[in-house]
Amino acid sequence: MSLVQVEDLSVSYGARTVLSRVSLHVAPGEIITIVGPNGSGKTSLLRAIIGAVKPSQGRVIQRNEVKIGYVPQKLHIDETLPITVSRFLKLPGGVTAEDINHALAQAGVPDLAKAQLSQLSGGQFQRVLLAHALIGKPDLLLLDEATQGLDQRGSASFYQQIETVRQDTGCAVLMISHELHVVMSASDRVICLNGHVCCEGTPAVVASAPEYRALFGTGTGGALALYRHDHDHDHDHGDHNHDHDNTEAAE
Ligand SMILES: Nc1ncnc2c1ncn2[C@@H]1O[C@H](COP(=O)(O)OP(=O)(O)OP(=O)(O)O)[C@@H](O)[C@H]1O
């Protein structure tokens, strides 16, 4: 049974509809990447799934007692606030030192418990946010542009970490990619959102193509893949202003 089922979901802010009749499901252990242009409703979709935004139509059905870990797009920490990683991870309450060490190890930063939050690098901070989401032992991890601000190698390394987490815990992952055409190669499915579900499919893995190497070098360990939209189907919508065909390497 699906962990989460989104049925015919629409989301509006005032008179403005930003998501229109979106349906998708997430199966246990599956990795799904959502791509789409800025403002296409990606964050709104994740927020609707966690119940932070009310649908104007349709519904989100969660499997009984499903646990969701959410890594938000941005988290503003007051840099003058002295707070250690360990203290930050304790904030949900009822969290033991063992839970913290375990989550940090799963997130690939076992030695950061005593570090100051404000002194972490971008990549370390993302991993601490990941650890925060992992503390509740989620069945589903929701990641909103978790690699934004990281360089390609940093993104690849983060994606490899996510893959390890999936292998170790069996959790499903629904993540938003901040790039239209580059996704985690371990994605089982890629869904392109543009207010509605524009199209979906598997990522074309072209790690050996010269174009891919030119873009990403060879040091990413195959964690990144280009995604090419598969346009077998018709597009009746007039609102497609993003470029579908810049990844010739996937041909
Ligand atoms: N709370 C809100 N109130 C009003 N409008 C909002 C709100 N949140 C988002 N929007 C608008 O809804 C649209 C979709 O936003 P959303 O953040 O879901 O898109 P996104 O695909 O995640 O964008 P980005 O890639 O830029 O992060 C945007 O035009 C945004 O300005």
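Along each chain, numbering runs from 1 in the same order as the chain's sequence is written. With pLDDT at 70 or above as the cut-off, local features in this predicted model cover only qualifying residues; side-chain atom pairs require 80 or more to be listed or tallied, and sums for whole chains, interfaces and linings still use all residues. To get the side-chain values, take all heavy atoms of the structure and skip hydrogens and water.

A. Molecular detail of the packing of helix α4 (residues 122-134) against helix α5 (residues 152-169). In this description, a line fitted to the C-alpha atoms serves as the axis of each element, helices being fitted only across the stretch in contact, and the angle between N-to-C directions of two axes falls anywhere from 0 to 180 degrees. Think of it this way: any DSSP run of H or I at least four residues long counts as a helix, any run of E at least two long counts as a strand, and we number them from the N terminus. It is the contact of α4 with α5, at a shortest axis distance of 11 Å, that shows an interaxial angle of 20 degrees. The pairing of α4 with α5 is recorded here as roughly parallel in orientation. As for how α4 packs across α5, the hand of that crossing is right-handed. Along the contact surface, α4 presents Gln126, Arg127, Leu130 and Leu134, while α5 presents Ser157, Phe158, Gln161, Ile162 and Val165. Split by residue class, the contact of α4 with α5 holds five nonpolar, three polar and one charged. The labels follow the angle: roughly parallel below 35 degrees, roughly antiparallel above 145, roughly perpendicular from 65 to 115, and oblique for the rest. We call a crossing left-handed when the near helix sits turned anticlockwise from the far one by less than a right angle, and right-handed when that turn is clockwise. Residue contacts are counted whenever heavy atoms from the two residues lie within 4.5 Å of one another. Charged residues are taken to be Asp, Glu, Lys and Arg, nonpolar residues to be Ala, Val, Leu, Ile, Met, Phe, Trp, Tyr, Cys and Pro, and polar residues to be all remaining types, Gly included.

B. Expanded view of the site of the ligand. Summary of the distance rule: residues count as near a molecule or strand when at least one heavy atom falls within 4 Å of that molecule or strand. In the neighbourhood of the ligand, 13 residues make up the surrounding shell, with Arg16, Gly39, Lys42, Thr43 and Ser44 lying closest. Between the ligand and the protein, one listed contact pairs an oxygen atom with a side-chain N or O atom of Lys42 at 2.7 Å. Residues adjacent in sequence count toward polar contacts only when both atoms are side-chain atoms; beyond that, a polar contact is any pair of N or O atoms within 3.5 Å, and within protein one must be able to donate a hydrogen and the other to accept it. Here Ser44 contributes a side-chain N or O atom positioned 2.6 Å from an oxygen atom of the ligand. About the coverage of the ligand: the protein hides 61% of its 640 Å² of free accessible area. Considering every element that reaches the shell around the ligand, the biggest residue donor is helix α1 (residues 42-49), with three residues. Areas reported here follow the Shrake-Rupley algorithm with a probe of radius 1.4 Å; residue values treat only the protein chains shown as occluding.

C. Representation of the domain arrangement of the protein chain in the model. Segmentation into domains, and thus their bounds, comes from an automatic or database assignment. Its domain assignment divides the protein chain into domain 1 (1-67 + 139-219) and domain 2 (77-137). Centre-to-centre separation of domain 1 and domain 2, based on C-alpha positions: 23 Å. On the side of domain 2, 13 residues touch domain 1, which itself brings 12 residues to the contact. Accessible area that two parts lose when put together, evaluated with a 1.4 Å probe and summed over both, is termed the buried area. Between domain 1 and domain 2, the buried area comes to about 950 Å², and carbon and sulfur atoms account for 61% of it. When a carboxyl oxygen of Asp or Glu lies within 4 Å of a side-chain nitrogen of Lys or Arg, that pair is called a salt bridge. Between domain 1 and domain 2 we count zero salt bridges in total. There are two residue pairs in polar contact (both at pLDDT 80 or more) connecting domain 1 and domain 2. Classifying every residue of the side of domain 1 that touches domain 2 by side-chain character gives seven nonpolar, three polar and two charged.

D. Highlighting the packing of helix α3 (residues 97-106) against α4. For the pair α3 and α4, the least separation of the axes is 8 Å and the interaxial angle reads 125 degrees. In this view, α3 runs oblique relative to α4, as classed from their interaxial angle. As α3 runs across α4, the sense of the crossing is right-handed. Touching Ala103, Leu104 and Gln106 of α3 are Val128, Ala131 and Leu134, all from α4. The class makeup of the residues in the contact of α3 with α4 is five nonpolar, one polar and no charged.

E. Focus on the nonpolar core. The nonpolar core is taken to be a set of buried Ala, Val, Leu, Ile, Met, Phe, Trp, Tyr and Cys residues, with the residues joined through side-chain atoms within 4.5 Å. Only protein chains enter the area calculation, which uses a 1.4 Å probe; residues under 20% of their type maximum are buried, those over 50% are exposed, and those in between are partly exposed. With 42 residues, the main nonpolar core has Leu89, Leu104, Val128, Leu141, Leu143 and Ile162 as its most contacted residues. Those elements that provide at least two residues to this core are α2 (85-90), α3, α4, β6 (140-144), α5, β7 (172-176), β8 (182-184) and β11 (224-226). For this core, the element with the most residues is α4, which contributes seven residues. Apart from the residues lying within four places of it in its own chain, the contact partners of Leu143 are Leu46, Val71, Leu130, Phe158, Ile162, Val173, Leu174, Met175 and Ile176. Within the second largest apolar cluster, 25 residues are counted, among which are Ile34, Ala48, Ala172 and Ile191.

F. Examining the sheet that holds strand β4 (residues 57-62) more closely. Being paired, for any two strands, means DSSP has found at least two bridges between them. One open sheet holds the three strands; their spatial order is β2-β1-β4, and the pairing between them is antiparallel. What marks the edges here is a single partner per strand, and that holds for β2 (16-26) and β4. If you compare each strand with its neighbour and ignore which way they point, the axes differ by 25 degrees on average. Along the sheet, α1 makes contact with β1 (4-13), β2 and β4, crossing β1 at roughly 120 degrees.

G. Representation of the pattern of salt bridges within the structure. This model, assessed by the stated rule, comprises five salt bridges. Close ionic contact of Asp8 with Arg21 constitutes a salt bridge, the shortest N to O distance being 2.8 Å. Remark: Arg21 occurs in strand β2 and Asp8 occurs in strand β1; sequence separation between them is 13 residues. Note on Arg21: relative accessible area 52%, which makes it exposed. A salt bridge links Arg166 to Asp188; its shortest N-O distance comes to 3.3 Å. Residue Arg166 is located in helix α5, and its partner Asp188 is located in the loop between β8 and β9 (189-193); the two are separated by 22 residues in the primary sequence.

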